[in-house]
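Observations on the three-dimensional arrangement
Here is what each chain is made of, one letter per residue.
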Amino acid sequence: MFDGRVTGRRLAEGCFPHPVTILVTWQQGSSMRNVILSVQVSLDGFIARPNGELDWHLVDAEFNEYAKNLLNSFDTLVFGRVTYQVMADYWPTATPTDPVEALIRERLNTLPKVVFSRTLKRVDWKNSRLAQGGIAEEILKMKQQPGKDIGIGGTSIVSALAPLGLIDEYRILVVPVVLGSGKPLFKDIKDKINLKLRKTRTFDSGLVLLAYQPEKNS
């Protein structure tokens, strides 16, 4: 779910995660909504530098078109606290000049957003709400409701849902860079999760999309 415009600025300076670089659509033969992760990752598996910097992410016109289309396939976004706060700090007042980025901003600001946090008492970004139950219960309930797919963002969300088999597609966008250190995408996951490659795409920037689905017997 989710990371619009990042291009080389630091988090404290408005270096927000692009809705799709941190935020899949695959029909499994059921009517349940799919939970989709789309995130930019370094070659050595990090989604951000140690202090949250995203200046190495690759965001251009081709990627923004991908982001726009992906966001249009969602009708709900799910965030952990950290990702939510970064996004909410940037997007409500962002003023993109690019027409596609403007559409991304509008979509992010209007989509319903569910936030999982033990510390936040309120969420003020438009159409946001704090989750009331446990993450597995909430996601299962959401998957059974009618609607489009669900985009997720945040390592805490990934760490909670991946071992339970509740992520239906992993869209890993590999950036051709080695960071050496940073914040890993998969944190505190103890058991193996078998995935099957379903789709690849190479962007002109060098970004490579690897779309995986969990193997049914994993």
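The coordinates are above.
Residues numbered from 1 in each chain as written. Predicted model: local features only at pLDDT ≥ 70, side-chain atom pairs only at ≥ 80, totals over all residues. Heavy atoms only, no water.

With that out of the way, let us pick up the overall build of the protein. Scanning the protein from terminus to terminus reveals five helices and ten strands. As displayed, the protein has an accessible area near 10,400 Å², and 50% of this comes from carbon and sulfur atoms. (Helix = DSSP H or I, 4+ residues; strand = E, 2+ residues; numbered from the N terminus. Areas by Shrake-Rupley, 256 points an atom, 1.4 Å probe, with all protein chains shown as cover.)

Here we come to helix α2 (residues 81–90). The complete set of buried residues in α2 reads Thr83, Tyr84, Val86, Met87 and Tyr90. Seen end-on, α2 carries its buried residues on one side only, within an arc spanning 165 degrees. Residues of α2 that are buried make contact with β3 (74–80), α3 (99–110), β4 (113–116), β5 (128–130) and β6 (149–153). (Buried < 20%, exposed > 50% of the residue type's maximum accessible area, 1.4 Å probe, protein only. Arc of directions from axis to C-beta. Contact = heavy atoms within 4.5 Å.)

Moving on to the pattern of salt bridges. All told, the structure shown has eight salt bridges when counted by the stated rule. Between Lys143 and Asp168 there is a salt bridge, and its shortest N-O distance comes to 2.6 Å. You can see Lys143 sitting in helix α4 (residues 135–144) and its partner Asp168 sitting in the loop between α5 (155–161) and β7 (169–175), a full 25 residues away along the chain. A relative accessible area of 6% places Lys143 in the buried class. With its nearest N and O atoms 3.6 Å apart, the salt bridge here joins Glu169 to Arg171. The exposure class of Glu169 is buried, given its relative accessible area of 5%. When its relative accessible area of 12% is taken as the criterion, Arg171 is described as buried. (Salt bridge = Lys/Arg side-chain N within 4 Å of Asp/Glu carboxyl O.)

Attention shifts here to the environment of Tyr212. Looking at the secondary structure, you find Tyr212 in strand β10 (residues 208–214). Residue Tyr212 is classed as partly exposed on the basis of its relative accessible area of 23%. C-alpha of Tyr212 to C-alpha of Leu197: the two residues are 15 residues apart in sequence and 4.5 Å apart in space. Those residues in contact with Tyr212 that lie beyond four places of it in its chain are Asp168, Glu169, Tyr170, Ile172, Leu195, Lys196 and Leu197.

This model, assessed by the stated rule, comprises seven aromatic pairs. When the ring of Tyr66 is compared with that of Phe203, the centres are 5.9 Å apart and the planes differ by 90 degrees; the resulting orientation is edge-to-face. With Tyr66 in helix α1 (residues 61–72) and Phe203 in the loop between β9 (195–202) and β10, this pair connects stretches of sequence that are 137 residues apart. Of the residues examined, Phe203 reaches a relative accessible area of 3% and is grouped as buried. Residues Tyr84 and Trp125 carry aromatic rings whose centres are separated by 6.0 Å and whose planes lie at 45 degrees to one another, so their mutual orientation is tilted. Of this pair, Tyr84 sits in helix α2 while Trp125 sits in the loop between β4 and β5, placing them 41 residues apart in sequence. The class of Trp125 is buried, set by a relative accessible area of 5%. Each residue in the set Phe63, Tyr66 and Phe203 is aromatic and connected to the rest through ring pairs, giving one cluster. The cationic tip of Lys113 hangs over the ring face of Trp125; the distance from NZ or CZ to the ring centre is 4.4 Å. (Phe/Tyr/Trp six-rings, centres within 6.5 Å; stacked < 30°, edge-to-face > 60°. Lys NZ or Arg CZ within 6 Å of the ring centre and 35° of its normal.)

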